[in-house]
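Residue-level listing of the chains:
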Amino acid sequence: PSIVIASCIVAMLAGLAVGIVNGVGVAVGDLPPFIMTLGTMTAVRGLALLTSDGKPVTGISESYKAVAATSVAGIPMLAIFLVIVILICSFVLAKTVYGRRVYACGGNLQAARVSGINTTMIRISTFAIAGLLAGLSGFLMTSRVTIGQPTAAESYEMDAITACVVGGVSMSGGVGKPWGVVVGCLLITVITN
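Residues numbered from 1 in each chain as written. Predicted model: local features only at pLDDT ≥ 70, side-chain atom pairs only at ≥ 80, totals over all residues. Heavy atoms only, no water.

1. Brief notes about the overall build of the protein chain
The secondary structure content of the protein chain amounts to nine helices and two strands. For the protein chain, the N- to C-terminal ordering of α and β elements is α-α-α-β-β-α-α-α-α-α-α. Since a compact globule built from 193 residues should have a radius of gyration of about 16 Å, the 18 Å found for the protein chain is in line with a globular shape. Expressed as lengths along the three principal axes of its C-alpha atoms, the size of the protein chain is roughly 55 × 40 × 35 Å. Burial statistics for the protein chain: of 193 residues in total, 23% are counted as buried. (Helix = DSSP H or I, 4+ residues; strand = E, 2+ residues; numbered from the N terminus. Rg over C-alpha atoms; globule rule 2.2 N^0.38 Å. Buried < 20%, exposed > 50% of the residue type's maximum accessible area, 1.4 Å probe, protein only.)

2. Some remarks on helix H5 (residues 97-107)
Considered for burial, the residues of H5 that qualify are Gly99, Val102 and Cys105. Angularly, the buried residues of H5 cover 125 degrees about the axis, an arc narrow enough to put them on a single face. For H5, the exposed residues lying more than 90 degrees away from the buried face are Arg100 and Gly107. Where H5 is buried, its residues touch helix H4 (77-95), helix H6 (109-114) and helix H7 (119-145). (Arc of directions from axis to C-beta. Contact = heavy atoms within 4.5 Å.)

3. Considerations on the nonpolar core
By size, the foremost hydrophobic cluster in this structure holds eight residues: Val4, Cys8, Ile60, Tyr64, Val67, Leu136, Phe139 and Leu140. Broken down by secondary-structure element, the contributors of at least two residues to this core are helix H1 (2-27), helix H3 (62-69) and H7. Residue contributions to this core peak at three residues, all from H7. Excluding residues that lie within four positions of it along the chain, Val4 makes contacts with Ser63, Tyr64, Val67 and Phe139. Counting five residues, the second-largest nonpolar core is a separate cluster that includes Cys105, Ala112, Ile117 and Ile122. (Core = buried A, V, L, I, M, F, W, Y, C linked by side-chain atoms within 4.5 Å.)

4. Re the pattern of salt bridges
Taken as a whole, this structure holds two salt bridges when the rule is applied. In this structure, Lys65 and Glu62 form a salt bridge, with 3.5 Å as the shortest nitrogen-oxygen distance. With Lys65 and Glu62 both in helix H3 and three residues apart, the pair spans about one turn of that helix. Residue classification places Glu62 among the exposed residues on the basis of a relative accessible area of 59%. (Salt bridge = Lys/Arg side-chain N within 4 Å of Asp/Glu carboxyl O.)

5. Digging into the packing of aromatic side chains
If you walk through the whole model with that rule in mind, you get one aromatic pair. A ring pair is formed by Tyr64 and Phe139, whose centres lie 5.0 Å apart and whose planes are at 70 degrees; its orientation type is edge-to-face. Of this pair, Tyr64 sits in helix H3 while Phe139 is found in helix H7, placing the two residues 75 residues apart along the sequence. (Phe/Tyr/Trp six-rings, centres within 6.5 Å; stacked < 30°, edge-to-face > 60°.)

6. Some remarks on H3
By the burial criterion, the buried members of H3 are Tyr64, Val67 and Ala68. Within H3, the buried residues cover an arc of 85 degrees as seen down the axis, which keeps them to one side. Facing away from the buried side of H3 by over 90 degrees, the exposed positions are Glu62 and Ala69. Along its buried surface, H3 packs onto H1, H4 and H7.

7. With respect to unusual backbone geometry
For Asp53, which is not glycine, the phi dihedral falls at a positive 55 degrees. Since its relative accessible area comes to 61%, Asp53 is described here as exposed.

8. Comments concerning the state of the cysteines
Scanning the entire structure with this criterion turns up zero disulfides. Here Cys89 is not cross-linked by a disulfide; its sulfur's nearest cysteine counterpart is in Cys164, at 11 Å. (Disulfide = S-S within 2.5 Å.)

See the structure below:
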């Protein structure tokens, strides 16, 4: 169990680091978010191929595999993770000052800056949280497929963008709800299947 927790923490910290790099590039370097995230995605995929020599990583422990394979009262553990993350994100975005500031920065960055919001820190923290959750997702996916595949999840970025747009998230920012994204994901998954 301790190795599983350590693996999860390392994956989340790696995602957090990439998220911070993206946030700094966007908020401080004034790079377009789409270009910045695609650039770091390419770099991280290249790093994954380099560190694994382009081969799948095998020999994952049974306790690591059990994270995704277990269920609680008949509910798969991955679904429980999804519900917990969605509930936390929904609460933070709808009921906290931080959430309102995120929406303000997404809706009109200049107006948010003039109204006294530290837009640089909000944007960096938003990218950092996204990176942290991406690290958690990578950990859970590896547990689910029971192998560390360096080319796993290729083309998922377009599915994620499509699901967000279908779920009501504006590409220009400031509009959208976490539950809408879930509905978008479910619709895209049903169409794919």
